[in-house]
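Below are the chains, spelled out letter by letter.
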Amino acid sequence: MEKFLELEAGYLVIGFFILSITLFVTTRPFFSKGAVKKGLSYVTLFLALTIGMHYKITTDRMDSVKSAFREGKTIICESRATRKVAQSVDVNIAREWILDGDVFSSVNYGRVFHTARCLVK
C-alpha cells in the first residue's frame, strides 16, 4: 500500500478533484435525480481503472528496470535538475551505481533516481 501511495498520490488527488467537480455539476437543478449516482459511479469506475492500470504498468516497468540493472544493462533515468544540457543520466552497475530498494544512488553523483522514472536502454 505504501508503494501505491508513493507512486499514485498525485493522481489520487487529481481524481478526488475530478470527483468533486462531478458531484458539483451533477447536483445542479438541470440534471435528473439519478445523475449524481450515475455520474459518481461512472467517473469513480473510470478513475479506478486508469489509476490501477497506471500503477500496474509503472510497477512492471520498475521490475524490468531492476532486473536489467542487476544483469549489468544500462538504465536511462530522467534528470529533472538540468533541463538544458543533460536531461538523462546513464545508470550502470559498472559505474558504481547501487540499487537500494527502488532508488538508484552513486557516490559519484549527488542525486538519487527512483526506478519509476527510469527505462532500460
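Here's what I pulled together on the structure shown here.

A few words now on the nonpolar core. If you look at the biggest cluster of nonpolar residues, it comprises 11 residues: Val65, Ala68, Phe69, Ile75, Cys77, Val89, Val91, Trp97, Phe104, Phe113 and Cys118. Among the secondary structure elements, those contributing two or more residues to this core are helix H2 (35-70), strand E1 (75-78) and strand E2 (88-91). Filtering out sequence-adjacent residues up to four positions away, Val89 remains in contact with Ile75, Ile76, Cys77, Ser79, Trp97, Tyr109 and Phe113.

Further remarks concern the sheet that holds strand E4 (residues 103-106). Taken in spatial order, the 3 strands line up as E3-E4-E5 in an open sheet, and their pairing is antiparallel. Each edge of the open sheet is held by one strand with a lone partner, namely strand E3 (97-100) and strand E5 (109-114). Each strand of the sheet is rotated relative to its neighbour by a mean of 25°, with strand direction disregarded. Bridge count between E3 and E4: 4 bridges; the pairing is antiparallel. Opposite Leu99, over in E4, you have Phe104 as the bridge partner. Most of the contacts of H2 go to E3, to which it runs at about 135°, and overall it touches E3, E4 and E5.

We now examine the state of the cysteines. This structure, assessed with the given rule, holds 1 disulfide. The partner cysteine of Cys77 in its disulfide is Cys118, sulfur to sulfur 2.0 Å. The S-S bond linking Cys77 to Cys118 shows a torsion near 105°; that makes this disulfide right-handed. Here Cys118 lies in strand E6 (residues 118-120) and Cys77 lies in strand E1, a separation of 41 residues in the sequence. Overall, Cys118 belongs to the buried group, its relative accessible area being 1%.

What the 3 strands build is an open sheet, ordered E2-E1-E6; its pairing is antiparallel. The open sheet has two edge strands with one neighbour each: E2 and E6. For this sheet the average axis-to-axis angle between neighbouring strands, irrespective of direction, equals 25°. Both E1 and E6 contribute to a ladder of 3 bridges, which runs antiparallel.

With respect to the secondary-structure elements, Glu8 resides in helix H1 (residues 2-26). Nearest to the buried, unbridged Glu8 among oppositely charged side chains is Arg117, at 7.2 Å. Ignoring any residue separated from it by four or fewer positions in sequence, one finds Glu8 in contact with Ile51, His54 and Tyr55.

Topologically, Ser106 is positioned in strand E4. Within the structure, Ser106 has its side chain in polar contact with the backbone nitrogen of Asn108 (distance 3.1 Å). Ser106 has contacts with Arg95, Glu96 and Trp97, leaving out every residue within four places of it along the chain.

The geometry of a pair of packed helices is captured by two quantities: the angle between their axes and the separation between those axes. Here H1 crosses H2 at 165°, and the two axes come no closer than 10 Å. Our classification of the angle between H1 and H2 gives roughly antiparallel. The handedness of the crossing between H1 and H2 is right-handed.

Basis of the calculations
Counting from 1, residues in each chain are numbered in the order their sequence is written. Local features in this predicted model are restricted to residues whose pLDDT is 70 or higher, and side-chain atom pairs enter the listing and the counts only when it is 80 or higher, whereas totals over whole chains, interfaces and linings include all residues. Excluding hydrogens and water, the side-chain figures rest on all heavy atoms present in the structure. Nonpolar cores were defined as sets of buried Ala, Val, Leu, Ile, Met, Phe, Trp, Tyr and Cys residues, with membership established by side-chain atoms within 4.5 Å. Note on classification: 1.4 Å probe, protein chains only; a residue is buried when its accessible area is under 20% of the maximum for its type, exposed when over 50%, partly exposed between these limits. Numbering of helices and strands runs from the N terminus, with a helix taken as a DSSP run of H or I at least four residues long and a strand as a DSSP run of E at least two residues long. The contact rule is simple, with two residues in contact once any of their heavy atoms fall within 4.5 Å. Here, any two strands with at least 2 DSSP bridges between them count as paired. In this analysis, axes come from line fits to C-alpha atoms, helices being fitted only over the stretch in contact, and the angle between any two N-to-C directions falls in the range 0 to 180 degrees. Pairs of cysteine sulfur atoms within 2.5 Å are identified as disulfides in what follows. For this count, His and the chain ends are skipped, Lys and Arg are scored as positive, and Asp and Glu as negative. In the sections that follow, a salt bridge refers to a side-chain nitrogen of Lys or Arg positioned within 4 Å of a carboxyl oxygen of Asp or Glu. A 3.5 Å cut-off defines polar contacts: any pair of N or O atoms within that distance qualifies, except that in protein one atom must be a possible hydrogen donor and the other a possible acceptor, and neighbouring residues in sequence count only when both atoms are side-chain atoms. Working rule for angles: under 35 degrees goes down as roughly parallel, over 145 as roughly antiparallel, 65 to 115 as roughly perpendicular, anything else as oblique. Two helices that cross are described as forming a left-handed crossing if the nearer one is turned anticlockwise from the farther one by less than a right angle, and a right-handed crossing if clockwise.

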